[in-house]
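# Overview (structure and organization)
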Amino acid sequence: MVKIDTILGILSRQIASCKRCPLYKTANHSVPGEGSSQSSIVFVGEAPGRKEDETGRPFVGRAGKLLEYLLHSINLRRKDVFITSILKHRPPKNRTPKPQEIKACSYWFVKQIAIIQPKLIIPLGRFGLEFFLPHAKITQVHGTIKEIPGNRGLRIFPMFHPAAGLRSLKRKKILFDDFQILKHVLDNEHFSLSH
Ligand code: URA
């Protein structure tokens, strides 16, 4: 049987040479995502920033440090979960992703999800949330479980983006509270972190 890591590795190489939208022209590295391919939870952010573009790794800047801290607050490490973003190449100067870039690039996210088959996806911020529920508002649905219609029981648990927690103490507190709810969900539903 071909290992999931091998398939994800092939996908990452395909992402590195992706020309589905023009962002590859200005980016230094693609940022496919990393972590445990066996994890039953996947975090999905918005797009790589400067540090991610320099290193090719997701969430390694200031927002990433907060994400690590939040994970530690519920006894998780980065390596226990899979972390990615909707866009795999950095938009110039961190500008807001364009709808056509999201449409083109989410092709890869769909493939990653099909390979990893997580039980719960955690959209971090608006773009991850809107990918699943285009009309939902992160301010209204964060910290709650939503079922995705027509996706064979796939569920999401949206949260604010950690960058929002860096800008606002109130949002940071909500993030810590939502991580505690997430811990409850994982404990009570006997989620093994691997399948
Ligand atoms: N913000 C994201 O959404 N993704 C990253 O990889 C880094 C910051």
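See the structure printed just above.
As a starting point, this report considers the structure included with it.

Rules behind the numbers
- Residues numbered from 1 in each chain as written.
- Predicted model: local features only at pLDDT ≥ 70, side-chain atom pairs only at ≥ 80, totals over all residues.
- Heavy atoms only, no water.
- Pairing = 2+ DSSP bridges.
- Helix = DSSP H or I, 4+ residues; strand = E, 2+ residues; numbered from the N terminus.
- Expected span 1.5 Å × (residues − 1).
- Bend = angle between axes of the 7 residues up to and from the residue.
- Contact = heavy atoms within 4.5 Å.
- Buried < 20%, exposed > 50% of the residue type's maximum accessible area, 1.4 Å probe, protein only.
- Near = heavy atom within 4 Å.
- Polar contact = N/O pair within 3.5 Å; in protein donor to acceptor, adjacent residues only side chain to side chain.
- Areas by Shrake-Rupley, 256 points an atom, 1.4 Å probe, with all protein chains shown as cover.
- 1 Å grid on protein atoms, 1.4 Å probe; cavity = no way out; pocket = protein on both sides within 12 Å on 5 of 7 lines; lining within 4 Å.
- Sits in = over half its atoms within 2 Å of the grid points.
- Nonpolar A, V, L, I, M, F, W, Y, C, P; charged D, E, K, R; others polar.
- Disulfide = S-S within 2.5 Å.

Let's shift gears to the sheet that holds strand β1 (residues 34-35). Reading across from one edge, β1-β3-β2-β4-β6-β5 is the order of the six strands in this open sheet, with mixed pairing throughout. In this open sheet, the two strands that pair with only one neighbour each are β1 and β5 (146-147). One ladder, built from two bridges, connects β1 with strand β3 (residues 82-85); its direction is antiparallel. The residue of β3 that forms the bridge with Gly35 is Phe82.

So, on to helix α4 (residues 99-116). An α-helical segment advances 3.6 residues per turn. Residues three or four places apart therefore align on the same side. Across its 18 residues, α4 extends 25 Å between first and last C-alpha, which sits within 8% of the 26 Å expected from 1.5 Å per residue. Of all the bends in α4, the greatest measures close to 35° and is centred on Cys105. Where α4 is buried, its residues meet α1 (4-16), β2 (41-45), β3, β4 (120-123) and α5 (126-132). Downstream of α4 by a residue or two, Gln117 has a phi angle that is positive, lying close to 50°.

Next up on the list: unusual backbone geometry. Positive phi is not limited to glycine here, since Phe59 has a value of about 50°. Structurally, Phe59 is set in the loop between α2 (50-55) and α3 (62-73). Judged by relative accessible area, Phe59 falls into the buried class, the value being 6%.

Right, let's get into the site of the ligand. All residues in the neighbourhood of the ligand are listed as Gly45, Glu46, Ala47, Glu52, Pro58, Phe59, Ser85 and His161. Glu46 places a main-chain nitrogen or oxygen 2.6 Å from an oxygen atom of the ligand. In this structure, Ser85 approaches the ligand through a side-chain N or O atom, which is 2.8 Å from a nitrogen atom. Against a free-state accessible area of 240 Å², the protein chains account for coverage of 92% of the ligand. At a threshold of 2 Å from the grid points, most atoms of the ligand map onto the largest pocket. In the shell around the ligand, the residues fall into three nonpolar, three polar and two charged.

Turning next to the state of the cysteines. Chemically, a disulfide is nothing more than a covalent bond linking the sulfur atoms of two cysteines. If you walk through the whole model with that rule in mind, you get zero disulfides. Between Cys18, a free cysteine, and Cys105, which holds the nearest cysteine sulfur, the sulfur-to-sulfur gap is 6.1 Å.

Residues Phe82 and Thr84 line one face of β3 and the alternating positions Ile83 and Ser85 line the opposite face, and both faces are buried. Summarising the sheet, β2 and β3 pair through four bridges and their orientation is parallel. Directly across from Gly45, in β3, lies its bridge partner Ser85.

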